[in-house]
Amino acid sequence: MSETGSRLRKLLESPNFDPQNYVKQLSQQSDGDRDLQEHRQKIQNLADETAQNLKKNVYKNYRQFIETAKEISYLESEMYQLSHILTEQKSIMESITQALLSTDKDETSKEMQAAFPKETEELKQRTLTSLLEKVEGAKNIMDTPGRHLVYNGDLVEFDVDNMSPIQKVHAFLMNDCLLIATWLPNRRGTVKYKYNALYDLESFAVVNVKDNSPMKDMFKILMFPDSRIFQAENSKIKKEWLEILDETKKNKVTKDRHKKEEEVPTSPVRAEVSTNPFDEDDDEQTEESVDLSLEWIQELPEDLDVCIAQRDFEGAVDLLDKLNEYLKEQPVTQRVKELRLKVDERVRQLTEVLVFELSPDRSLRGGPKATRRAVSQLIRLGQSTKACELFLKNRAVAVQTAIRQLRIEGATLLYIHKLCNIFFTSLLETAKEFEMDFAGNTGCYSAFVVWSGSAMRMFVDAFSGQVFDSQESLSTAAECVKVAKEHCQQLTEIGLDLTFTLQSLLVKDVRAALLSYRDIIIEATKHRNSEEMWRRMNLMTPEALAKLKDEMRSCGMGTFDQYTGDDCWVNLSYTVVAFTKQMMSFLEEGLKLYFPELHMVLLESLTEIILVAVQHVDYSLRCEQDPEKKSFILLNATFLHDTVLPVVERRFEEGVGKPAKQLQDLRKSTRPVRINPESTTSLV
């Protein structure tokens, strides 16, 4: 900045600056309008410079703002997950506390049972039968021998999401299951209820719900991945439900364990040793050789239920791996098959929970890393194909949501920068996470390549809708396509090249844009040709002439100075100069949009545009009778042939990588000759 500009800046930035006094002094010191105009220009230049500095500062901090916002988003997701885990841990601690408090009451219950004789099994079954006669669709429940009623009562079911009452139900707790029946609005005889659901005691967990006015006296039943919330009539009944449910579940576990221990027979005593190798007793001896009485095996189904309830997925899979390792070389006996059936049911529940963790309904804010835990456990369970499918589906919804949330505001190029940054960054992060999670499953990589193609189609739909459907200029479209290509090249860092996919999806819209802009240039050229007077250009000021020279040099016309004269004159017509600038602009934008599939489209468009100008010059030479004008027209034809067309050929070859024979043939066919001004022959 000049010394005068520095003094002016300091004066305007001073805290005691008074605009009125400054203008008054300036008016008194100036000699006339010229001084005021010059001073005004200095202030305007200073304002422009200040605005430019502000823009640079904003752009400098723009990337930092984006990174900060991304980190805040990740932190928010992690805090959400941490809050969810703490809430679940709190519920588990409350249920454990409730269980400890009920220990003393178990002793009281035993004393009551000793003081009063127990009901006979026949009486309990008769009571259950009489109650189930009131439930529609519950006839087959009594088919299980030994099943009897423990407790029953009315409850109100609430919606888990919005905590609004859904329906009134009646619950029947039996020694091995829990029956939920809904009230019938139109009763028929003794039937009051309708069968709703039947849950095995081992398939659910009971959790106390803390009272929070007006939501009181509630407890939750967890059947992963679902859950149901019920409200008792008062706190006393709720307490009874929790205690009796817990006691009944414990009794069933104890009874099943004793039953298994009783089924373990002692070593058989054989009277004599059989020499028959096909004796069936050998099979029986083999079956008894598998020791399933270990404590950890006996408690394995219950431990898996606890791990699933506490979302300890790693612990559950570790238990399954331990069991598989123990039974790997053991014979498959009947008892092993029964154990496998129980474990397989837990594996199914665990798989459902992990599938739900990867569903798009869950929070998508954590990015690809948030799915790593569920994906890794599914792979350990042998579900790598399902894990791959769910992971890619989750990421597709996340990318689609991010694109939809992007606000369309400001210039199109700014929107495309944001769109490319969001999409290709998400694609790159997904690829890196996929490579990390499925490193040992090379068969899943083809699925990722297919998914990348579908994600690219989603991106191109949003891209084309904003760039091509909104009828943007060719220069804007070229810049947007250039930005998309540059971002796409970033994927080659991880060995993923989607450039061909991007080009194949954009080729239709780019072809239409090139042809549309070609037609616009042809129409504009024809309109200027119709008004052509074949006169030299007078640019009036040296500044305008210098600006034109700079523009032509930027177009590659290094010899343009030889066509300029003195006193701001140019020895070319306005039509030829305007055509040259427009045609070179079309060539540069076309090269930015260039795909191999568009080679002939761009080449034919250039040929058609050039022919419009060349044919007009040829026609004017043959029709013009004035010798002076004829010489001027020939000068313009020489400029087109010797200056413009070689530059077009060279620039096209540089941008495409190979020469264009059609352009060479066109230049040879339009070679101007030295003519007699009286002649009507112009071109060879």
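Residues numbered from 1 in each chain as written. Predicted model: local features only at pLDDT ≥ 70, side-chain atom pairs only at ≥ 80, totals over all residues. Heavy atoms only, no water.

A. Layout of the overall build of the protein. Assigned secondary structure in the protein consists of 22 helices and 10 strands. By the burial criterion, 37% of the 684 residues in the protein qualify as buried. Within the protein, counting contacts between residues at least 6 apart in sequence, those at least 24 apart form 66% of the total. Total accessible area on the protein stands at roughly 40000 Å², and carbon and sulfur atoms take up 52% of it. (Helix = DSSP H or I, 4+ residues; strand = E, 2+ residues; numbered from the N terminus. Buried < 20%, exposed > 50% of the residue type's maximum accessible area, 1.4 Å probe, protein only. Contact = heavy atoms within 4.5 Å. Areas by Shrake-Rupley, 256 points an atom, 1.4 Å probe, with all protein chains shown as cover.)

B. Fine view of a nonpolar patch on the surface. Taken together, the side chains of L75, M79, L82 and L86 define a hydrophobic patch exposed on the protein surface, amounting to about 390 Å² of accessible area. Mapped onto the fold, L82 is located in helix 3 (residues 33-101). Under the relative-accessibility criterion, L82 is labelled partly exposed at 41%. (Patch = residues over 30% accessible without salt bridge, like charges linked within 9 Å, V, L, I, M, F, W, Y side chains within 5 Å. Salt bridge = Lys/Arg side-chain N within 4 Å of Asp/Glu carboxyl O.)

C. Region of the structure containing helix 13 (residues 384-405). Across its 22 residues, helix 13 extends 31 Å between first and last C-alpha, which sits within 8% of the 32 Å expected from 1.5 Å per residue. Among all positions of helix 13, only S384, A387, C388, L390, F391, L392, N394, R395, A396, A398, V399 and I403 are buried. Those residues of helix 13 that are buried lie in contact with helix 11 (334-357), helix 12 (372-380), helix 14 (412-437) and helix 15 (445-467). (Expected span 1.5 Å × (residues − 1).)

D. Structural detail: the pattern of salt bridges. Enumeration over the complete set of coordinates arrives at 24 salt bridges. Of the charged contacts, one joins D519 and R518 as a salt bridge, the two residues approaching to 2.9 Å between their closest N and O atoms. Residue classification places R518 among the buried residues on the basis of a relative accessible area of 15%. What emerges from the salt-bridge pattern is a single network uniting E202, K252, D256, D305 and R346.

E. Quick look at the confidence of the model for the protein. Mean pLDDT for the protein: 79, with 86% of residues reaching 70 or above. Every residue in residues 115-119 is under pLDDT 50, and counting partners more than four places away or in other chains gives 2 contacts. (pLDDT = per-residue confidence, 0-100.)

F. Representation of the pairing of strand 2 (residues 149-158). Direction of pairing for strand 2 relative to strand 3 (residues 165-174): antiparallel, over a ladder of 9 bridges. Across the sheet, residue F158 finds its bridge partner in strand 3, namely P165. Pairing between strand 2 and strand 8 (residues 226-231): 3 bridges, direction antiparallel. What sits directly across from F158, in strand 8, is I229. (Pairing = 2+ DSSP bridges.)

G. Focus on the pairing of strand 7 (residues 218-223). Within strand 7, 5 of the 6 residues are buried, leaving the element largely enclosed by the surrounding structure. Here 5 bridges tie strand 6 (residues 205-209) to strand 7, and the two strands are oriented antiparallel to one another. Looking at the pairing, V209 lines up with M218 of strand 7.

H. Structural view of the packing of aromatic side chains. Per the stated rule, a full pass over the model turns up 20 aromatic pairs. Judged by centre distance (5.5 Å) and plane angle (55°), the ring pair of F17 and Y22 falls under tilted. Given a relative accessible area of 14%, Y22 falls into the buried group. Each member of the aromatic cluster is reached from another via a ring pair, and the members are F391, F434, F438, Y445, F448 and W451. Over the aromatic face of F204 sits the side chain of K249, whose NZ or CZ is 4.8 Å from the ring centroid. The ring of W296 carries K322 above its face, with NZ or CZ at 4.4 Å from the centroid. (Phe/Tyr/Trp six-rings, centres within 6.5 Å; stacked < 30°, edge-to-face > 60°. Lys NZ or Arg CZ within 6 Å of the ring centre and 35° of its normal.)

I. Region of interest: the packing of helix 17 (residues 499-530) against helix 20 (residues 599-623). At a minimum axis separation of 10 Å, helix 17 and helix 20 run at an interaxial angle of 5°. Between helix 17 and helix 20, the angle falls in the class roughly parallel. On the side of helix 17, the interface is formed by R511, L514, L515, R518, I521, I522, T525, K526 and N529, while helix 20 contributes V601, S605, E608, I609, V612 and H616. (Axes fitted to C-alpha atoms, helices over the stretch in contact; angles between N-to-C directions. Parallel < 35°, antiparallel > 145°, perpendicular 65-115°, else oblique.)

J. Region of interest: the environment of E314. Counting through the fold element by element, E314 comes out in helix 10 (residues 313-327). Along the sequence, E314 and S376 sit 62 residues apart, while their C-alpha atoms lie 9.1 Å from each other. Ignoring anything within four residues of it in the chain, the contact list for E314 reads R373, Q377 and R380.

K. Quick peek at the side chain of E157. Mapped onto the elements, E157 comes out in strand 2. Here E157 falls in the buried class, since its relative accessible area comes to 7%. Leaving out residues up to four positions away in the same chain, E157 has contacts with S164, P165, I166, Q167, V169, R228, I229 and F230.

L. Quick peek at unusual backbone geometry. Located in the positive-phi region is M163, a residue other than glycine, with phi close to 55°. In this fold, M163 is placed in the loop between strand 2 and strand 3. Looking at M163, the relative accessible area reads 22%, which means it is partly exposed. Of note, the phi angle at M540 is positive, near 70°, even though the residue is not glycine. By the element assignment, M540 lies in the loop between strand 9 (537-538) and helix 18 (542-554). Residue class for M540 comes out exposed when judged on its relative accessible area of 64%.

M. Focus on the nonpolar core. Counting residues in each nonpolar core, the largest one holds 124 residues, and the members touching the most others are F459 and F463. It is helix 21 (residues 627-656) that contributes the most residues to this core, 12 residues altogether. Those residues in contact with F459 that sit more than four places away from it in its chain are L419, C420, F423, F424, A484 and L502. Counting residues in hydrophobic clusters, the runner-up holds 20 residues, among them V169, I180, A197 and A232. (Core = buried A, V, L, I, M, F, W, Y, C linked by side-chain atoms within 4.5 Å.)

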